[in-house]
Amino acid sequence: MQKTSVLLVEDDELASELIYTFLVECGFDVTPVFTATDCVSLLRQKHFDILILDINLPDFNGYEVLKNLKNHASIPVIVTSAYSETKSKLLAFKYGASDYMVKPLNLEELEARIWIQLGKNSEIKSQEEKKTFELKNGTVYFQHTPLHLTTIEFEILSTLIENSNQVIRRDDLLASLSSISSPRSLDNHIKNIRKKIGDNGNKAIYLRTEYGVGYILHNS
């Protein structure tokens, strides 16, 4: 099966090598370049499934690349930048970025965000059809590593895995868990689960809150 192709634009050679090595080990076909000029040139010559674009480049910045892409190509773009200011993020989204990550990058999170963007923009699936969360022999695995969960955490996460990638109503989740006494108790257990998978409650990647409705576990 053809691998998912990634164009990586990062002028810091050490950072580029680290990202390249990690993504190749994840099964991606990665082409690294170091300038905006080479990025634009390659995109005109070859199809890529996703672009990882640094904002600060030696010839011209990533915003100019994004403006160029709006006229010439349709591809999901994850912008990477040392700038965490809202203004920088809004400018990237204005010019067509699909996502924005602040450096230094968490590479596992980068992989997750890549798959989320591919799921939104194409029918491409992981060549191994791997799942972020798996339930095997009474154990929950996160990225192929067993999680150490309390009994109630296991019950919550098992229910969410069984309903992966769809919103499960908070009331329905509570009803299925007879050992939870209150909504506040559920909130605390959800918070503990997020800690164990490295998820930030306000910017969760895997276990997200659909406010006023319930929860969704992204599992791809």
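Before going into details, it helps to say that this report is about the structure given with it.

How each quantity is defined
Residues numbered from 1 in each chain as written. Predicted model: local features only at pLDDT ≥ 70, side-chain atom pairs only at ≥ 80, totals over all residues. Heavy atoms only, no water. Helix = DSSP H or I, 4+ residues; strand = E, 2+ residues; numbered from the N terminus. Buried < 20%, exposed > 50% of the residue type's maximum accessible area, 1.4 Å probe, protein only. Contact = heavy atoms within 4.5 Å. Areas by Shrake-Rupley, 256 points an atom, 1.4 Å probe, with all protein chains shown as cover. Lys, Arg positive; Asp, Glu negative; His and termini not counted. Charge placed at Lys NZ, Arg CZ, Asp CG, Glu CD. Axes fitted to C-alpha atoms, helices over the stretch in contact; angles between N-to-C directions. Parallel < 35°, antiparallel > 145°, perpendicular 65-115°, else oblique. Nonpolar A, V, L, I, M, F, W, Y, C, P; charged D, E, K, R; others polar. Core = buried A, V, L, I, M, F, W, Y, C linked by side-chain atoms within 4.5 Å. Salt bridge = Lys/Arg side-chain N within 4 Å of Asp/Glu carboxyl O.

1. With respect to the overall build of the protein chain
Within the protein chain, the secondary structure is distributed over eight helices and eleven strands. The principal-axis extent of the C-alpha atoms belonging to the protein chain is close to 60 × 40 × 30 Å. A total of 220 residues make up the protein chain; the buried ones form 45% of that total. In the protein chain, the share of contacts with a sequence separation of at least 24, taken over all contacts with a separation of at least 6, comes to 57%. In the form shown here, the protein chain has an accessible surface area of approximately 11,900 Å², with 48% of it arising from carbon and sulfur atoms. In the protein chain, 24 positive and 29 negative side-chain charges are present, and the distance between their average locations comes to 7 Å.

2. A short note on the packing of helix α6 (residues 151-162) against helix α8 (residues 183-196)
Orientation of α6 relative to α8, taken along the N-to-C sense of each, is 80 degrees, at an axis distance of 10 Å. Relative to α8, α6 is oriented roughly perpendicular. Contacts from Ile152, Glu153, Ile156, Leu157 and Leu160 of α6 reach α8 at Leu186, His189, Ile190, Asn192, Ile193 and Lys196. Looking at the contact of α6 with α8, its residues break down into seven nonpolar, two polar and two charged.

3. Some remarks on the nonpolar core
The nonpolar side chains of soluble globular proteins are, as a tendency, buried together. Ranked by size, the top nonpolar core spans 25 residues in total, and within it Ile156, Leu157, Leu160, Leu186, Leu207 and Tyr215 carry the most contacts. Only α5 (107-121), β7 (139-142), α6, α7 (170-175), α8 and β11 (214-217) provide two or more residues apiece to this core. The leading source of residues in this core is α6, at five residues. The next biggest cluster of nonpolar side chains, apart from the first, holds 23 residues, and it includes Val33, Val40, Ile55 and Tyr63.

4. Looking at the pattern of salt bridges
Within this structure, the stated rule accounts for eight salt bridges. Lys103 is the partner of Asp54 in a salt bridge, and the nearest nitrogen-oxygen pair spans 3.1 Å. Residue Asp54 is located in strand β3 (residues 50-54), and its partner Lys103 is located in the loop between β5 (99-102) and α5; the two are separated by 49 residues in the primary sequence. In this structure, the salt-bridge partner of Glu109 is Arg113, at a minimum N-O distance of 2.7 Å. Of this pair, Glu109 and Arg113 both sit in helix α5, four residues apart, roughly one helical turn. For Glu109, a relative accessible area of 24% puts it in the partly exposed group. The class for Arg113 is buried, based on a relative accessible area of 13%.

This is a description of form; function is not addressed.
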